[in-house]
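Residues per chain, in single letters:
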Amino acid sequence: MWTRSAASQTTPRAFDHPIYVTRPLLPDFRTYTEALSGIWERHWLTNKGRVHDALEQALREHLRVSHLSLVSSGTAALMLAYRALGIAGEVITTPLTSPATVNSVTWCGLTPVFADVDPERLTLDPAAVERAITPRTSAIVGVHLYGMPCQVDSLRTLAERHRLRLIYDGAHAFGTQIDGEPVSKFGDATILSFHATKVFNTAEGGAVITEDAEIKRRVELLRTLGIQDEVTVALPGINARMNELEAALGLANLDIVERERLARAEIADIYLTRLDGIEGLRPFKLPARVRNSHNYFVVRIVEGASRLSRDDLYERLKSFNVFARRYFYPLCSNFSFYRDLPSSSPVNVPAANRAANEVLCLPLYGGLGHDAAHQICDILEHLLGKPDRPQP
Ligand code: T4K
């Protein structure tokens, strides 16, 4: 059991260097440069290179999915998925997400319609989705936010009943499983982001996953300008390719990603144990049946119940050199270019508005180390008060 350090009795010390919300996973430098030497020898840099294809295959096996197509980013993956599925008209989605989820809808000439989230899970509330369906609705885009899976059974039933396409933004859910089932098996397609800040990264990159061979075929045409062969352009595609340098980073990172996930799990355990009982601070926990991607460690600072507001805490942490993040504040429905949509009214999305004002992501990455995690807990105790629970 953790015994409180002497440091927490007085003002804890600040870090002597900035501690960010995350730090990209990187392989041993030599491992990466050795992979690069093959690329140099082959003089093959992009357009479905050998390393690219090897990474696709390795990820298919790692994630246990039928089809996985690498692309240049999670945002591109979303756009290609909407296009490949022939989505038109209105798309129901959550406002509590990265701008990528919603802006990609807009970039495809579609109209986002916001539905509220479940107040505890913070993923789309199926009842709110049902209320948002109109004759113009063609798809639902759910986000497995912070690795919390959407209510996949209810959303599937809803999508089938109303003949809607179902797409999941799994940018935070690399390797997430529900009862041992890969989360990317649900829906017509799932997208992943391999941005530097994701638990598995290729610096920039992403993927579209599907069980449907025709969707995969269309995604792969669309990611490469629609070019089928030298004289046939079959679809109005864009350039959303992943290059060999990124794919090589991915292959090397894939070897160490499970070790990283476990190291993050240990840090998450320290946070959970130490922060339990701090007044007004509620850790965001995934159900036991979910295998956690550990992309983020999220707490909610409950308005009125905590000694500091979420925003004051966020600022005070900076004075200790701790740079937590308020993902996803401001809420997408409050952006200047979305707030006039009828579905953006705070009355329509109250749980999302509340969460956007309460959520704080604490630093989480394997290299953070246990001592630093304890030091962050000391700082939080100092700022918010000691846990209200029996002391050892
Ligand atoms: N769907 C969802 C639900 C998403 O969250 C995202 C992306 C997407 C879709 C789209 O995927 P991509 O198209 O991006 O592949 C970051 C990422 O840029 C973004 O990928 C991510 N979500 C979002 C949640 O976070 P910022 O603005 O927070 O990034 P930044 O640069 O402030 O980085 C955060 C911290 O990480 C920094 O304070 C320091 C550290 N860092 C960052 C980078 C890039 C490093 O130490 N090294 C680095 O190279 O957006």
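Residues numbered from 1 in each chain as written. Predicted model: local features only at pLDDT ≥ 70, side-chain atom pairs only at ≥ 80, totals over all residues. Heavy atoms only, no water.

Peer 1: Pulling in residues and values, what's your account of the site of the ligand?
Peer 2: Taken together, 25 residues sit near the ligand, with Thr75, Asp169, Ser193, Arg325 and Tyr327 positioned nearest. Side-chain polar atom of histidine 172 to an oxygen atom of the ligand: 2.8 Å apart, as the coordinates give it. Contact between the ligand and serine 193: an oxygen atom at 2.7 Å from a side-chain N or O atom of the residue. For the ligand, the protein covers 72% of the area, taking 920 Å² as the surface of the free molecule. At the level of elements, α3 (74-84) and α4 (99-107) are the ones that each hand at least two residues to the shell around the ligand. Classifying every residue of the shell around the ligand gives 10 nonpolar, 12 polar and three charged. Two domains each donate at least three residues to the shell around the ligand, and these are domain 1 (19-25 + 257-324 + 363-384) and domain 2 (29-254). (Near = heavy atom within 4 Å. Polar contact = N/O pair within 3.5 Å; in protein donor to acceptor, adjacent residues only side chain to side chain. Areas by Shrake-Rupley, 256 points an atom, 1.4 Å probe, with all protein chains shown as cover. Helix = DSSP H or I, 4+ residues; strand = E, 2+ residues; numbered from the N terminus. Nonpolar A, V, L, I, M, F, W, Y, C, P; charged D, E, K, R; others polar. Domains from an automatic or database assignment.)

Peer 1: Help me get a handle on the sheet that holds strand β7 (residues 177-178), residues and values and all.
Peer 2: Pairing in this open sheet of three strands is antiparallel, and the strands run β8-β7-β14 from one edge to the other. Because the sheet does not close on itself, it has two edges, and the strands there are β8 (181-182) and β14 (290-291). The pairing of β7 with β14 spans two bridges and is antiparallel. When the sheet's bridge partners are listed, isoleucine 178 is paired in β14 with valine 290. (Pairing = 2+ DSSP bridges.)

Peer 1: Go over the side chain of arginine 274 with me, naming the residues and quoting the values.
Peer 2: Residue placement: arginine 274 occurs in helix α9 (residues 257-275). Judged by relative accessible area, arginine 274 falls into the buried class, the value being 1%. (Buried < 20%, exposed > 50% of the residue type's maximum accessible area, 1.4 Å probe, protein only.)

Peer 1: I'd like a description of the nonpolar core, backed by residues and values.
Peer 2: Tyr271, Leu275, Leu313, Leu317 and Leu368 are the most contacted members of the largest nonpolar core, which has 32 residues in total. Looking at this core element by element, the count peaks at eight residues for helix α12 (residues 370-384). Leucine 368 has contacts with Ile19, Ile267, Tyr271, Pro363, Ala373 and Ile376, leaving out every residue within four places of it along the chain. Ranked by size, the runner-up nonpolar core spans 28 residues in total, among them Phe114, Val117, Leu331 and Tyr338. (Core = buried A, V, L, I, M, F, W, Y, C linked by side-chain atoms within 4.5 Å. Contact = heavy atoms within 4.5 Å.)

Peer 1: Tell me what's going on with the domain arrangement of the protein chain, and back it up with residues and numbers.
Peer 2: When cut into domains, the protein chain gives domain 1 (19-25 + 257-324 + 363-384) and domain 2 (29-254). Computed over C-alpha atoms, the centres of domain 1 and domain 2 are 27 Å apart. Each partner contributes to the interface: domain 1 provides 19 residues, whereas domain 2 provides 27 residues. Between domain 1 and domain 2, a total of about 2100 Å² is buried, with carbon and sulfur atoms accounting for 54% of that surface. Looking at the side of domain 1 facing domain 2, the largest losses of area belong to Val257, Phe284 and Arg291, adding up to 27% of the total buried there. For the salt bridge of aspartate 179 with arginine 289, the shortest nitrogen-to-oxygen distance reads 3.0 Å. (Buried area = accessible area lost by both parts, 1.4 Å probe. Salt bridge = Lys/Arg side-chain N within 4 Å of Asp/Glu carboxyl O.)

Peer 1: Explain a nonpolar patch on the surface to me, using residue names and the numbers behind them.
Peer 2: A cluster of nonpolar residues, Trp40, Leu45 and Leu245, forms a patch on the protein surface that exposes about 330 Å² of accessible area. Residue position: leucine 45 is located in the loop between α1 (29-42) and α2 (50-63). (Patch = residues over 30% accessible without salt bridge, like charges linked within 9 Å, V, L, I, M, F, W, Y side chains within 5 Å.)

Peer 1: Can you tell me about the packing of helix α10 (residues 310-318) against α12, naming the residues and giving the values?
Peer 2: Contact pair α10 / α12: the axes reach a minimum separation of 11 Å and the direction vectors enclose 130 degrees. It follows from the interaxial angle that α10 and α12 lie oblique. Crossing of α10 against α12: the hand is right-handed. Along its contact with α10, which presents Leu313, Arg316 and Leu317, the element α12 presents Ile379, Leu380, Leu383 and Leu384. Residue composition of the contact of α10 with α12, grouped by class: six nonpolar, no polar and one charged. (Axes fitted to C-alpha atoms, helices over the stretch in contact; angles between N-to-C directions. Parallel < 35°, antiparallel > 145°, perpendicular 65-115°, else oblique. Left-handed = near helix turned anticlockwise from the far one by under 90°.)

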